[in-house]
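Structural overview
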Amino acid sequence: MKTTLIIMKKELKSFLLSPLAYVIGVVILVFFGIFFTGISIESGYPELGPTFQNFTFILIFAIPLITMRLVAEEKKRGTIELLMTLPARAQNVIMGKFLAVTIVYVMILGVTLIHTLVLALLGSPAFWPIFTGYLGVILMGMALLSLGLFISTLTESQVVAGLSSLGLGLFLLLIRILSRSASGKAADVIKELSFFDHLNPFLTGLIDLKHVAFFAIFIALGLVLSINYMENEKWRK
């Protein structure tokens, strides 16, 4: 656990000193503000649900920018071998990096809480759907971060890692469109893989263990695949 926290602090410090992290944060916050102003303020809609729905598309593009360098950059520089020769196992490296990017992601989302304050000042919003909406967006973001981390372990190229993560994110968000061309159980199975369909209940104030488990499975899947790949790669060398 101590080794994991050391790696987390190292990665977190690297992010906070990187201009890219602030650029990503500003872009996310600007688009959130645009959606919030257009939907909640100008349309007089005292909730954040519709804002979150539009916001998910921005996350699909922003999260690969956060995860693409996590392992790919270390591989290119040759520092990943140094990490693996320290008293750190693959799970320490992966969990440390994942915790760091999760903290960065939650910090960026935390700034958007100011919009909740604005809603409270302008009217009487329902705070429970806002809370569950944030919970859903955090879980979905963590799932995408985990999958992006795994993709970053597969290549030395940040560009390849970023584009691959973007493609996977779009697929998981928009797969519901594919279900329309299928029928019967096939359509149901395809639809069950849609991130948007599992996020939507959170935006309406519903916390269902089915949807929590869905995102938890993808978070665990990305982490397990990342750890196993790094362990196998270590032995191959």
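Residues numbered from 1 in each chain as written. Predicted model: local features only at pLDDT ≥ 70, side-chain atom pairs only at ≥ 80, totals over all residues. Heavy atoms only, no water.

1. A few points about the overall build of the protein
- From N to C terminus, the protein includes 12 helices and zero strands.
- Listing every helix and strand of the protein by position from the N terminus yields α-α-α-α-α-α-α-α-α-α-α-α.
- For the protein, buried positions account for 49% of its 237 residues.
- Counting contacts in the protein only where the partners sit at least 6 residues apart, residues at least 24 apart contribute 73% of the total. (Helix = DSSP H or I, 4+ residues; strand = E, 2+ residues; numbered from the N terminus. Buried < 20%, exposed > 50% of the residue type's maximum accessible area, 1.4 Å probe, protein only. Contact = heavy atoms within 4.5 Å.)

2. Re the nonpolar core
- Judged by nonpolar contacts, the single largest core of 58 residues is most densely connected at Phe52, Phe55, Val137, Phe195 and Phe215.
- Elements with a contribution of two residues or more to this core: helix H1 (2-16), helix H2 (19-41), helix H3 (49-67), helix H6 (90-111), helix H8 (127-153), helix H9 (158-179), helix H11 (195-203) and helix H12 (209-236).
- It is H8 that contributes the most residues to this core, 11 residues altogether.
- Excluding anything up to four places from it in sequence, Val137 contacts Phe52, Phe55, Leu59, Tyr105, Leu109 and Leu199. (Core = buried A, V, L, I, M, F, W, Y, C linked by side-chain atoms within 4.5 Å.)

3. Re a nonpolar patch on the surface
- Nonpolar side chains collect at one region of the surface, where Leu20, Val23, Val26, Val27, Val30, Phe31 and Ile34 lie side by side and expose about 560 Å² of accessible area between them.
- On the secondary structure map, Val27 appears in helix H2.
- Judged by relative accessible area, which is 37%, Val27 ranks as partly exposed. (Patch = residues over 30% accessible without salt bridge, like charges linked within 9 Å, V, L, I, M, F, W, Y side chains within 5 Å. Areas by Shrake-Rupley, 256 points an atom, 1.4 Å probe, with all protein chains shown as cover. Salt bridge = Lys/Arg side-chain N within 4 Å of Asp/Glu carboxyl O.)

4. Concerning H1
- Its 15 residues give H1 an end-to-end C-alpha distance of 21 Å, which sits within 8% of 21 Å, the value for a rise of 1.5 Å per residue.
- Tucked into the core, H1 has its buried residues touching H2, H3, helix H4 (72-77) and H6. (Expected span 1.5 Å × (residues − 1).)

5. A look at the packing of aromatic side chains
- Following the criterion strictly, the structure yields 11 aromatic pairs and no others.
- Judged by centre distance (5.0 Å) and plane angle (80°), the rings of Phe52 and Tyr134 are edge-to-face. Remark: Tyr134 occurs in helix H8 and Phe52 occurs in helix H3; sequence separation between them is 82 residues. For the pair Phe52 and Tyr134, a shared accessibility class is recorded, and that class is buried.
- Ring plane angle 90° and centroid distance 5.4 Å describe the contact between Phe195 and Phe215, whose orientation is recorded as edge-to-face. Of this pair, Phe195 sits in helix H11 while Phe215 sits in helix H12; the two residues are 20 residues apart in sequence, bridging distant segments of the chain. (Phe/Tyr/Trp six-rings, centres within 6.5 Å; stacked < 30°, edge-to-face > 60°.)

6. Observations concerning the environment of Ile190
- With respect to the element layout, Ile190 can be found in helix H10 (residues 184-192).
- On a C-alpha basis, the gap between Ile190 and Ile175 in space is 6.8 Å, while along the polypeptide they are 15 residues apart.

7. Side note on the confidence of the model for the protein
- Summary statistics for the protein give a mean pLDDT of 84 and a share of 89% for residues scoring 70 or more.
- When pLDDT is averaged over each helix and strand of the protein, the minimum, 63, is found for helix H5 (residues 79-85) and the maximum, 93, for H8. (pLDDT = per-residue confidence, 0-100.)

8. Quick look at the packing of H3 against H8
- The N-to-C vectors of H3 and H8 enclose an angle of 30°; their axes lie 9 Å apart at closest approach. Accordingly, the angle class assigned to the pair H3 and H8 is roughly parallel. Considering how the two elements wind past one another, H3 and H8 form a crossing that is right-handed. Here H3 contributes Phe52, Phe55, Thr56, Leu59, Ile60, Ile63, Ile66 and Thr67 to the contact with H8, which in turn contributes Ile130, Gly133, Tyr134, Val137, Met140, Gly141, Leu144, Leu145, Gly148, Leu149 and Ser152.
- Along the lines of polarity and charge, the residues of the contact of H3 with H8 split into 13 nonpolar, six polar and no charged. (Axes fitted to C-alpha atoms, helices over the stretch in contact; angles between N-to-C directions. Parallel < 35°, antiparallel > 145°, perpendicular 65-115°, else oblique. Left-handed = near helix turned anticlockwise from the far one by under 90°. Nonpolar A, V, L, I, M, F, W, Y, C, P; charged D, E, K, R; others polar.)

9. What about the pattern of salt bridges?
- Summed over the entire model, instances satisfying the criterion amount to three salt bridges.
- Across the salt bridge formed by Lys210 and Glu192, the nearest N and O atoms sit 3.3 Å from each other. Of this pair, Lys210 sits in helix H12 while Glu192 sits in helix H10, placing them 18 residues apart in sequence.
- Given the relative accessible area of 43%, Lys210 is considered partly exposed.
- Residue classification places Glu192 among the partly exposed residues on the basis of a relative accessible area of 36%.
- Several salt bridges share partner residues, and in doing so they unite Glu11, Arg69 and Lys97 into one network.

10. Topic: the environment of Trp128
- Along the chain, Trp128 turns up in helix H8.
- Considered as a pair, Trp128 and Leu206 are 78 residues apart in the sequence and their alpha carbons are 9.0 Å apart.
- With sequence-adjacent residues up to four places away left out, Trp128 is seen in contact with Gly205 and Ile207.

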